[in-house]
Amino acid sequence: PPCPPMKLFERFGRTTPAVGAGDPRDFRLAMGASESGNGVAGDASRPAKKQRRLDNEPERPSTSSDGEGDASGILARRPGGPLRKVAGSECPYLDTISRARLDFDFEKSCSVTLRKENVYACLVCGKYFCGRGPRTPAYTHALEEGHSIFMKLSTGQVFALPDGYEVVDQSLQDIKQVLNPTFSREDVASLDAPGSERWERTLSGEPYLPGMVGLNNLKATDYANVVVHALLRVRPFRDHFLLGGQAGQGGAAPTPLVEKFGELCRKMWNKGSFKGQVSPLEFLLAVQERSKKRFSVDAQADPVTFLSWLLNTLHFDLTGGKPSKRRSVVTRCFQGEMAVTELRGGGEEAEPVRTKFLMLGLDLPPAPPF
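Worth saying up front: this structure is predicted, and the values here are computed from it rather than measured.

1. Thoughts on the overall build of the chain
Step number 1: Looking only at helices and strands, the chain has 13 helices and twelve strands in total.
Step number 2: Within the span of the chain, comprising 370 residues, buried residues form 39% of the whole.
Step number 3: Total accessible area computed for the chain in this model is approximately 21,800 Å², and 53% of it derives from carbon and sulfur atoms.

2. Quick notes on the packing of helix 8 (residues 222–231) against helix 10 (residues 256–268)
Step number 1: Where helix 8 contacts helix 10, the axes come no closer than 11 Å and their chain directions differ by 70 degrees. Classified by the angle between their axes, helix 8 and helix 10 sit roughly perpendicular to one another. Of helix 10, the residues touching helix 8 (which contributes V228, H229 and L231) are F261, L264 and M268.
Step number 2: Among the residues making up the contact of helix 8 with helix 10, the classes are represented as five nonpolar, one polar and no charged.

3. A few points about empty space enclosed by the protein
Step number 1: All told, the structure shown has three cavities of 30 Å³ or more when counted by the stated rule.
Step number 2: If you add up the space inside the largest cavity, you get close to 150 Å³.
Step number 3: Around the largest cavity, the lining comprises 15 residues; the ones closest to its centre are D105, V178, S273, K275 and Q277.
Step number 4: Looking at the lining of the largest cavity, its residues break down into eight nonpolar, three polar and four charged.
Step number 5: Of the volumes computed, that of the second largest cavity is approximately 80 Å³.
Step number 6: For the lining of the second largest cavity, the secondary structure elements donating two or more residues are helix 10 and helix 11 (281–290).
Step number 7: Here the lining of the second largest cavity takes four residues from helix 10, the largest share from any one element.
Step number 8: The residue makeup of the lining of the second largest cavity, split by class, is three nonpolar, one polar and five charged.

4. Let's talk about the sheet that holds strand 2 (residues 119–122)
Step number 1: Spatial ordering of the open sheet is given by 1-6-5-4-2-3, a layout of six strands whose pairing is mixed. The outermost strands of the open sheet, each flanked by one partner alone, are strand 1 (85–87) and strand 3 (128–130). The mean angle between the axes of side-by-side strands here comes to 40 degrees, regardless of whether they run parallel or antiparallel.
Step number 2: Here strand 1 pairs with strand 6 (residues 165–168) via three bridges, running parallel. Across the sheet, V86 pairs through a bridge with V167, a residue of strand 6.
Step number 3: Contacting strand 2, strand 3 and strand 4 (149–152), helix 5 (residues 137–145) runs over the sheet at an angle of about 125 degrees to strand 3.

5. What about helix 8?
What sets the pattern is the α-helix's 3.6 residues per turn: residues three or four places apart point alike.
Step number 1: For helix 8, the full list of buried residues reads Y223, A224, N225, V227, V228 and L231.
Step number 2: Structurally, helix 8 contributes buried residues whose contacts are with strand 9 (214–215), helix 9 (235–242), helix 10, helix 11, helix 12 (303–318) and helix 13 (329–334).

6. With respect to the side chain of H147
Step number 1: Mapped onto the elements, H147 comes out in the loop between helix 5 and strand 4.
Step number 2: When its relative accessible area of 16% is taken as the criterion, H147 is described as buried.
Step number 3: Here the side chain of H147 touches H141 through a polar contact of 3.1 Å, side chain to side chain.
Step number 4: Ignoring sequence-local partners within four residues, the contact set of H147 consists of C122, V124, C125, H141, A142 and L161.

7. Digging into the pattern of salt bridges
Step number 1: Within this structure, the stated rule accounts for 15 salt bridges.
Step number 2: With a shortest N-O distance of 2.8 Å, R238 and D239 are connected by a salt bridge. Take R238 and D239: they sit in the same class, and that class is buried.
Step number 3: With its nearest N and O atoms 3.5 Å apart, the salt bridge here joins R354 to E337. Separated by 17 residues along the polypeptide, R354 in strand 12 (residues 353–357) and E337 in strand 11 (residues 336–340) bring together distant segments of the chain.
Step number 4: On the basis of relative accessibility, which here comes to 47%, the residue E337 falls in the partly exposed class.
Step number 5: Taken together, the salt bridges that share partners define one network made up of D103, D105, K267 and K275.

8. What to know about the nonpolar core
Step number 1: Counting 38 residues, the largest nonpolar core has F261, M268, F283, F306 and L310 as its most contacted members.
Step number 2: Looking at this core, the elements that each hand over two or more residues are helix 8, helix 9, helix 10, helix 11, helix 12 and helix 13.
Step number 3: Excluding its chain neighbours within four sequence positions, the residues that come into contact with M268 are P210, G211, V213, L215, V228, H229, L232 and V278.
Step number 4: With 22 residues, the next largest nonpolar core counts V86, I97, L102 and I175 among its residues.

9. Some remarks on the packing of aromatic side chains
Step number 1: Evaluation of the coordinates by the stated rule reveals eleven aromatic pairs.
Step number 2: Taking 5.0 Å as the distance between ring centres and 80 degrees as the angle between the ring planes, the aromatic pair formed by F241 and F261 counts as edge-to-face. Taken together, the positions of F241 in helix 9 and F261 in helix 10 put the pair 20 residues apart, joining distant regions of the chain. Of the two residues, F241 and F261, both sit in the buried class.

10. Regarding the side chain of E282
Step number 1: Of note, E282 is situated in helix 11.
Step number 2: With residues up to four places along the chain from it excluded, the contact list for E282 reads F104, D105, F106, E107, K108, K260, E263 and K267.

11. So, the environment of R201
Step number 1: Within the secondary structure, R201 is located in strand 7 (residues 200–201).
Step number 2: By relative accessible area, which is 57% here, R201 ends up exposed.
Step number 3: A C-alpha to C-alpha distance of 8.6 Å links R201 and K271, two positions 70 residues apart in sequence.
Step number 4: Not counting the four nearest positions on each side in its chain, R201 is found in contact with E206, P207, Y208 and S273.
Step number 5: Among the polar contacts listed, one links the side chain of R201 to the backbone oxygen of G205, at a separation of 2.6 Å.

Rules behind the numbers
Residues numbered from 1 in each chain as written. Predicted model: local features only at pLDDT ≥ 70, side-chain atom pairs only at ≥ 80, totals over all residues. Heavy atoms only, no water. Helix = DSSP H or I, 4+ residues; strand = E, 2+ residues; numbered from the N terminus. Buried < 20%, exposed > 50% of the residue type's maximum accessible area, 1.4 Å probe, protein only. Areas by Shrake-Rupley, 256 points an atom, 1.4 Å probe, with all protein chains shown as cover. Axes fitted to C-alpha atoms, helices over the stretch in contact; angles between N-to-C directions. Parallel < 35°, antiparallel > 145°, perpendicular 65-115°, else oblique. Contact = heavy atoms within 4.5 Å. Nonpolar A, V, L, I, M, F, W, Y, C, P; charged D, E, K, R; others polar. 1 Å grid on protein atoms, 1.4 Å probe; cavity = no way out; pocket = protein on both sides within 12 Å on 5 of 7 lines; lining within 4 Å. Points joined across faces, edges and corners; volume = space filled by probe spheres on them. Pairing = 2+ DSSP bridges. Polar contact = N/O pair within 3.5 Å; in protein donor to acceptor, adjacent residues only side chain to side chain. Salt bridge = Lys/Arg side-chain N within 4 Å of Asp/Glu carboxyl O. Core = buried A, V, L, I, M, F, W, Y, C linked by side-chain atoms within 4.5 Å. Phe/Tyr/Trp six-rings, centres within 6.5 Å; stacked < 30°, edge-to-face > 60°.

Structure (structure tokens):
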């Protein structure tokens with residue numbers, strides 16, 4: 001027969017720690033009988049269940065404002081509260097940043113999981129990791145290596161791990177400018193002003209000229225490098241991408257090809273670069289994916305063929321998939337028009353037919369013998 005609630009309390013209430021080590025059937029019997037009888041043991045069990053839920057709370061995806069889903073900022077964010085921001089003078093980790101090891105030209109993917117979402121760069125060693133909450137590669141790297149400063153590559157925000165707070169300091173602006181260079185209209189207008197060609201210096205003191213920096217040859221990508229250099233000497237075309245004109249017409253989001261081409265353009269003209277060359281890896285990976293490996297990193301290609309494909313594809317993306325109905329910076333800079341007139345039998349000229357083109361092939365006259 002079921003025991004009265006007081007008998008259950010005398011039997012299990014004072015020896016609750018020992019019950020878990022004994023017969024689990026007794027523990028389940030006590031919990032079920034006490035809850036059904038509204039005894040004292042049932043009241044004591046409710047805080048225990050709540051404590052277990054709190055202990056397991058980090059296991060569930062976080063609903064933080066950054067949408068990372070990895071319980072990010074658990075030490076610096078109150079439940080439902082904003083992320084705590086700390087000035088640089090209060091952060092003891094800023095002196096550990098090594099700018100010489102930073103290289104943002106690599107593909108932005110985690111070096112552990114190869115994920116491309118919520119990727120952070122360690123500002124101490126330069127490696128990429130995803131997430132910043134407990135049990136993420138970035139959090140683990142901070143604990144194991146003692147590297148505590150990370151920058152989110154998609155936004156440029158800087159965080160301290162494992163503390164979990166955001167660092168706000170003016171001394172980090174040069175790193176943000178290297179990650180994502182930005183130009184104002186005054187900056188773009190000053191590029192072509194008389195006497196504006198001024199040599200800048202890298203972190204190691206080597207001089208370089210913005211806009212004329214070298215592009216790394218990734219095994220067999222010299223055909224693409226010469227095309228990029230040639231296109232960026234056209235001022236209206238260059239200014240369009242320096243000012244961030246990447247979005248397609250009609251409010252369409254920029255495609256990966258247009259986005260990576262704009263990033264490469266701004267990095268080549270950045271006056272605050274840490275090094276005197278730029279790697280076009282991300283742009284070439286976007287080209288390889290968009291062309292379905294017609295143009296790849298490890299195979300040579302014809303520069304003229306690549307130029308024709310690149311101009312037509314950029315125009316297609318910038319017009320939102322309607323190249324024949326809309327105009328873009330590509331057509332404004334490179335499109336020509338040819339009028340074809342037909343001579344009739346009586347020597348009369350028919351109405352000329354006008355044809356637009358981006359590239360026009362002409363037959364060269366025969367070479368003279370001498």
